[in-house]
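Structure at a glance
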Amino acid sequence: MKYTIYLSMTFFSFLMALVMFQDNVYARSYSVTNYDEVVEVKDNGGADVTQKITYDFKGKYKGVEFVQDIRGTGGGTLPKVTYFPENKNLKINSIGSSEELFATAEGNLSNEKVTFVYKYSLSDLVTNYKDTAQINWNVIGSEWTADLYNVNIVFKLPKRNISGLKAWTQTTGNVERIVDKESGTVTFKMAKNKYKTALSADIIFPPEVTNNNLNVVNKNQRNNIISSENNYVKEQKENQKTKQMIATTISEILAIAALLIYLFLRYRYKKIEVKKSIIYNSINHLGDVPDVSPSVAQVILYNERPDENAFTGDVLKELADQNIELVEDDKNFTINSLQVSDNYLLNYLINKIGNGQSVSNKDIEKYSKWDNFGRLEEAYRNWQRYIMEEGRTYFNKASERIVTGSSMKQYLIALLLIIINATMLIGIGWQRNISLPILVATVVFMLFVVIDIKIRRKKVTIYNDRGSVLNNDFEQLEKMFKNIDKTNLKDIGDIDYWAQIVPYATAFGLSRPVIDAVKKTFPDADIAESNLNSIFNFSNGYFAGIFAGIFISGIILGGGNSNLFTTGGTDGSSGGFGGGGAF
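Parameters and conventions
Residues numbered from 1 in each chain as written. Predicted model: local features only at pLDDT ≥ 70, side-chain atom pairs only at ≥ 80, totals over all residues. Heavy atoms only, no water. Helix = DSSP H or I, 4+ residues; strand = E, 2+ residues; numbered from the N terminus. Areas by Shrake-Rupley, 256 points an atom, 1.4 Å probe, with all protein chains shown as cover. Buried < 20%, exposed > 50% of the residue type's maximum accessible area, 1.4 Å probe, protein only. Polar contact = N/O pair within 3.5 Å; in protein donor to acceptor, adjacent residues only side chain to side chain. Contact = heavy atoms within 4.5 Å. Pairing = 2+ DSSP bridges. Axes fitted to C-alpha atoms, helices over the stretch in contact; angles between N-to-C directions. Expected span 1.5 Å × (residues − 1). pLDDT = per-residue confidence, 0-100. Core = buried A, V, L, I, M, F, W, Y, C linked by side-chain atoms within 4.5 Å. Salt bridge = Lys/Arg side-chain N within 4 Å of Asp/Glu carboxyl O. Parallel < 35°, antiparallel > 145°, perpendicular 65-115°, else oblique. Nonpolar A, V, L, I, M, F, W, Y, C, P; charged D, E, K, R; others polar. Patch = residues over 30% accessible without salt bridge, like charges linked within 9 Å, V, L, I, M, F, W, Y side chains within 5 Å. Phe/Tyr/Trp six-rings, centres within 6.5 Å; stacked < 30°, edge-to-face > 60°. Lys NZ or Arg CZ within 6 Å of the ring centre and 35° of its normal.

Each helix and strand in the protein was counted, giving 17 helices and 18 strands. By element, 51% of the accessible surface of the protein is carried by carbon and sulfur atoms, the whole surface being about 29000 Å².

Written out as structure tokens, the structure is:
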């Protein structure tokens with residue numbers, strides 16, 4: 001059923017969006033594939049910094065900008081910018097202040113990888129205390145407009161074999177921290193630093209390492225620094241634990257709610273479950289002409305509003321019953337009234353658009369040009385309402401409410417499962433050993449729900465006793481129409497029967513193959529004597545498709561809504577603020 005397809009598509013689309021969200025798949029046309037930085041600390045507390053940033057451009061850009069936060073230092077020199085490939089003709093501009101260093105490289109950057117190298121010096125990066133020396137700096141600012149991949153930051157101290165060397169970072173991502181006391185280096189590695197996420201480095205070591213540093217504070221600070229960093233780590237763990245607990249609790253509640261809704265659905269279906277074999281009792285009415293109109297037959301079979309194919313089927317039924325006649329003239333046709341019809345919409349065409357006795361395709365086209373108030377659309381809506389009212393008399397309203405409501409409840413289950421994944425993603429981030437099993441479990445559960453309810457749907461009927469018989473008849477008719485090339489038409493009925501049955505094929509959107517089969521099976525003489533001779537021998541093609549097309553055009557040209565009609569076509573038709581990025 002349509003709702004099952006829509007439900008599955010909606011659910012899996014949302015889940016795919018969640019998976020892509022954790023991978024930070026945004027509508028960006030460039031990325032930073034490598035971010036390398038070397039900070040060579042001097043014994044005077046300053047540092048020479050080299051940052052090498054590789055951009056991968058998809059599309060055209062006018063340049064890149066570089067912003068480095070230098071607050072907490074004694075200032076910095078203007079960045080010297082180089083780039084490779086060196087054949088690019090880029091205009092470089094660098095400026096600085098007490099808070100940031102800024103550089104731009106302007107020029108054509110299009111569908112290529114370009115590496116920019118920024119070199120500058122910082123003063124007073126290190127603060128010497130009585131018992132320790134400290135570097136506390138926002139190495140990566142929070143204003144990057146893209147994720148940074150393959151981040152590698154190395155601090156090189158001016159001495160080796162540093163026994164008291166320690167390092168911490170403050171950020172939201174996973175950082176690999178390598179403290180090499182022997183070589184006097186501290187390295188921070190990240191597979192990815194999310195956009196707009198700062199990374200702060202805090203490094204302490206004995207003050208003798210920067211013994212020529214003039215940026216001195218005459219107090220002990222080592223224990224305070226270690227305590228502060230340990231408290232930060234503890235606080236982050238507690239915050240993460242709290243977020244995980246909240247996310248887990250919410251997810252468990254939602255999971256229980258989804259399960260209860262599913263169990264309620266099973267209970268409701270169990271109440272209305274029947275054995276179709278008892279109702280149908282192997283009914284086979286092929287060879288009998290239905291006693292409801294083609295449009296009502298369409299409502300019973302598809303449980304949807306009647307469409308233009310249904311109305312065309314009604315017109316052909318009037319023709320087969322000899323209430324109207326079809327006259328073809330060159331590329332035009334006229335419908336003449338022979339007897340009073342009870343079809344509301346056909347009467348509207350003849351009496352309001354035609355002359356009261358007949359209506360032609362020219363009349364409909366002419367009427368639509370000045371029908372600015374949508375009168376034809378209004379008549380069509382009224383006809384749909386009348387047919388729906390008649391069709392609903394063959395449905396069991398209580399059972400139908402349960403079946404119709406089940407689709408909304410399945411949407412609700414899907415929504416709850418999506419919220420579970422989103423909640424866990426927000427609460428704990430993407431952790432493969434946790435997030436992937438949850439994702440798989442929700443997908444499997446949703447598939448189980450959809451399949452189980454679909455199976456149960458086949459065990460119930462939304463029709464009353466008479467509607468069940470008719471629906472079974474129409475299912476058999478539709479199946480026969482779809483396999484008409486494998487059907488012996490004469491075994492089922494003569495030409496008069498097929499003249500009466502073609503209108504139903506039209507309402508089901510299958511008149512073309514049926515008309516072809518009739519014309520191949522029965523002699524021309526038999527067809528000429530049938531009530532649908534004008535349809536079987538319509539020289540301009542397939543009347544059903546042509547008439548429905550003209551009718552649709554008439555409503556749309558009159559300002560009507562094209563969404564009124566079938567989507568399948570007519571029958572017979574086809575922290576800091578440092579950062580950077582591209583601009």
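After presenting the structure, the write-up continues.
Moving on: the side chain of threonine 171. Among the structural elements, threonine 171 can be located in the loop between strand 11 (166–170) and strand 12 (176–180). Taking relative accessible area as the criterion, threonine 171 reaches 15% and is therefore assigned buried. A distance of 2.9 Å separates a polar atom in the side chain of threonine 171 from the backbone oxygen of alanine 198. With sequence-adjacent residues up to four places away left out, threonine 171 is seen in contact with Asn193, Thr197, Ala198, Leu199 and Tyr232.

Here the focus is the sheet that holds strand 15 (residues 324–329). Remark on secondary structure: sheet strands pair via backbone hydrogen bonds, oriented parallel or antiparallel. One open sheet accounts for three strands, arranged 15-16-17; its pairing is antiparallel. Each edge of the open sheet carries a strand with a single partner, namely strand 15 and strand 17 (358–360). Strand-to-strand twist across the sheet, computed as the mean angle between neighbouring axes with direction ignored, equals 20 degrees. The pairing of strand 15 with strand 16 (residues 332–337) spans six bridges and is antiparallel. From the neighbouring strand, isoleucine 324 faces strand 16, where its bridge partner is serine 337. Each of strand 15 and strand 16 touches helix 5 (residues 308–320); the most contacted strand, strand 15, lies at about 105 degrees to it. Contacts from helix 7 (residues 361–370) reach strand 16 and strand 17, with the element oriented near 75 degrees to strand 17.

Attention now goes to the environment of serine 94. With respect to the helices and strands, serine 94 occurs in strand 5 (residues 91–96). Since its relative accessible area comes to 19%, serine 94 is described here as buried. The residues touching serine 94, leaving out its near neighbours within four places in the chain, are Leu78, Pro79, Val81, Phe102 and Ala103. Of the polar contacts made by the side chain of serine 94, one reaches the backbone oxygen of proline 79; its length is 3.0 Å.

This part covers the environment of isoleucine 402. Within the element layout of this structure, isoleucine 402 appears in helix 9 (residues 397–428). Among the residues examined, isoleucine 402 registers a relative accessible area of 10% and is labelled buried. Residues isoleucine 402 and lysine 271 lie 131 residues apart in sequence; the distance between their C-alpha atoms is 9.8 Å. Among all residues touching isoleucine 402, those that are not within four sequence positions of it are Arg268 and Ile272.

Over its 18 residues, helix 8 (residues 375–392) runs 26 Å from end to end, which matches the ideal 26 Å to within 8%, given 1.5 Å per residue. Taken together, the buried positions of helix 8 are Leu376, Glu377, Ala379, Tyr380, Asn382, Trp383, Gln384, Ile387 and Gly391.

Glancing now at the confidence of the model for the protein. Put simply, the protein has an average pLDDT of 86, and 87% of its residues get 70 or more. Contacts from residues 276–283, a stretch scored under 50 in pLDDT, to residues over four places away or in other chains number 14 contacts. Contacts for the low-pLDDT stretch residues 572–577, under 50 throughout, to residues beyond four places or in other chains number 20 contacts.

Geometrically, the link from phenylalanine 84 to proline 85 is a cis peptide bond, its omega value of 5 degrees lying close to zero. Among the secondary structure elements, proline 85 is positioned in the loop between strand 4 (80–84) and strand 5. In this structure, asparagine 161 takes a positive phi of about 50 degrees despite not being glycine. On the basis of relative accessibility, which here comes to 61%, the residue asparagine 161 falls in the exposed class.

Let's shift gears to the nonpolar core. Grouped together as the largest cluster of nonpolar side chains are 86 residues, with contacts concentrated most on Phe311, Ile413, Phe474, Phe481, Trp498 and Phe508. Looking at which element gives the most residues to this core, the answer is helix 13 (residues 495–507), with nine residues. Setting aside residues up to four positions removed in sequence, isoleucine 413 forms contacts with Ala258, Ile261, Tyr262, Leu265, Phe445, Met446 and Val449. Core analysis: the second largest hydrophobic core is formed by 51 residues, Val49, Ile135, Trp144 and Leu165 among them.

Right, let's talk about the pattern of salt bridges for a bit. Counting across every chain of the model gives twelve salt bridges. One salt bridge connects lysine 196 with glutamate 143, and the closest N-O pair in it is separated by 3.8 Å. Here lysine 196, found in the loop between strand 13 (185–193) and strand 14 (199–205), pairs with glutamate 143, found in the loop between strand 9 (133–140) and strand 10 (148–156); they are 53 residues apart in sequence, far enough to count as distant. According to the relative accessible area criterion, lysine 196 is partly exposed, its value standing at 46%. Using a relative accessible area of 38% as the deciding quantity, one classes glutamate 143 as partly exposed. Glutamate 400 is the salt-bridge partner of arginine 392, the closest N and O atoms lying 1.7 Å from each other. Take glutamate 400: its relative accessible area is 12%, and that puts it in the buried class.

Moving on to the packing of helix 2 (residues 222–272) against helix 10 (residues 432–457). Orientation of helix 2 relative to helix 10, taken along the N-to-C sense of each, is 10 degrees, at an axis distance of 10 Å. Comparing their axes, helix 10 and helix 2 come out roughly parallel. Residues Ala258, Leu259, Tyr262, Leu265, Arg266 and Tyr269 of helix 2 form the contact with helix 10, whose participating residues are Phe445, Phe448, Val449, Asp452, Ile453, Arg456 and Arg457. When its residues are assigned to classes, the contact of helix 2 with helix 10 shows nine nonpolar, no polar and four charged.

As a further point, take a nonpolar patch on the surface. Where nonpolar side chains cluster on the molecular surface, the patch consists of Ile256, Leu259, Leu260 and Leu263 and spans about 370 Å² of accessible area. Along the polypeptide, leucine 263 turns up in helix 2.

Looking now at the packing of aromatic side chains. The final tally for this structure, using the stated rule, is 25 aromatic pairs. On the numbers, 4.1 Å between centres and 10 degrees between planes, the contact of phenylalanine 66 with tyrosine 118 is stacked. In this pair, phenylalanine 66 sits in strand 3 (residues 60–69) while tyrosine 118 sits in strand 7 (residues 113–122), placing the two residues 52 residues apart along the sequence. Overall, phenylalanine 66 belongs to the buried group, its relative accessible area being 1%. A connected cluster of aromatic rings, assembled from ring pairs, spans Tyr30, Tyr55, Phe57, Tyr61, Phe66, Tyr83, Phe116, Tyr118 and Tyr120. Here arginine 392 stacks its cationic end above the ring of phenylalanine 395, 4.0 Å away from the centre of that ring.

The sheet built from seven strands is open, its strands ordered 4-7-2-1-10-13-12 with mixed pairing. Each end of this open sheet is capped by a strand with a single partner; those strands are strand 4 and strand 12. The mean inter-strand angle of the sheet, taken between neighbouring strand axes irrespective of direction, is 10 degrees. Here ten bridges tie strand 2 (residues 47–57) to strand 7, and the two strands are oriented antiparallel to one another. Counted as the bridge partner of aspartate 56 is lysine 113 from strand 7.

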